[in-house]
Amino acid sequence: MCQCNLCGPISHNEAEFDVSFGSQDSELKVCRWCEEDLALFGMRFNQLVRLPKPVKSRRISLSLIVLGPVYTLLEATA
């Protein structure tokens, strides 16, 4: 996920919204706090899109992958 274009270099907040504004449809990727601040300052957005959150992958222990079949073979021979 990318950082907020406004406060990212300082606070390292992740961008949650993609905001387009102006006649040129300029785009900014902003965090929720910057989006609230822009709305409070009266900025009019052409479009406000919530960015999808990245899917976190689950890690499976290597020992479970290797020892699972070995354990069943040991169980079968015993």
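Read on for an overview of the structure. Along each chain, residues carry numbers from 1 onward, in the same order as the chain's sequence is written. Selection of residues for local features in this predicted model requires a pLDDT of at least 70, selection of side-chain atom pairs for listing and counting requires 80 or more, and totals for whole chains, interfaces and linings are taken over all residues. Excluded from the side-chain calculation are hydrogens and water; included are all heavy atoms of the structure.

**Focus on the side chain of glutamate 35**
Convention followed: Comment: elements are numbered from the N terminus, with helices defined as DSSP H or I runs of at least four residues and strands as E runs of at least two. For every residue, the accessible area obtained with a 1.4 Å probe (protein chains only) is divided by the maximum for its type, and the residue is called buried under 20%, exposed over 50%, and partly exposed between those limits. Counted as positive: Lys and Arg. Counted as negative: Asp and Glu. His and the chain ends are not counted at all. For this analysis, a salt bridge means a side-chain nitrogen from Lys or Arg found within 4 Å of a carboxyl oxygen belonging to Asp or Glu. Contacts: residue pairs with any heavy atoms within 4.5 Å of one another.
In this structure, glutamate 35 sits in helix H2 (residues 32-40). Buried within the structure, glutamate 35 lacks any salt-bridge partner; its nearest side chain of opposite charge belongs to arginine 50, at an N-O separation of 7.3 Å. With residues up to four places along the chain from it excluded, the contact list for glutamate 35 reads Phe17, Val30, Phe45 and Leu48.

**Considerations on the environment of methionine 43**
In this fold, methionine 43 is placed in the loop between H2 and strand S3 (47-50). On the accessibility criterion, methionine 43 (27% relative accessible area) is partly exposed. Residues methionine 43 and glycine 22, spaced 21 residues apart in sequence, show a C-alpha to C-alpha distance of 9.6 Å. Each residue touching methionine 43, except ones within four places of it in the same chain, is listed here: Phe21 and Leu38.

**Overview of the nonpolar core**
Just so we agree on the cut-off: For our purposes a nonpolar core is just a set of buried Ala, Val, Leu, Ile, Met, Phe, Trp, Tyr and Cys residues, chained together by side-chain atoms within 4.5 Å.
With nine residues, the main nonpolar core is built from Cys4, Cys7, Phe17, Val19, Leu28, Val30, Cys31, Cys34 and Leu38. Residue assignment for this core shows that the elements contributing at least two residues are strand S1 (17-21), strand S2 (26-30) and H2. Every residue in contact with phenylalanine 17, bar those within four places of it in the chain, is listed here: Leu28, Lys29, Val30, Cys31, Arg32, Glu35, Leu48, Val49, Arg50 and Leu51.

The quantities given are spatial measurements derived from coordinates; they are silent on function.
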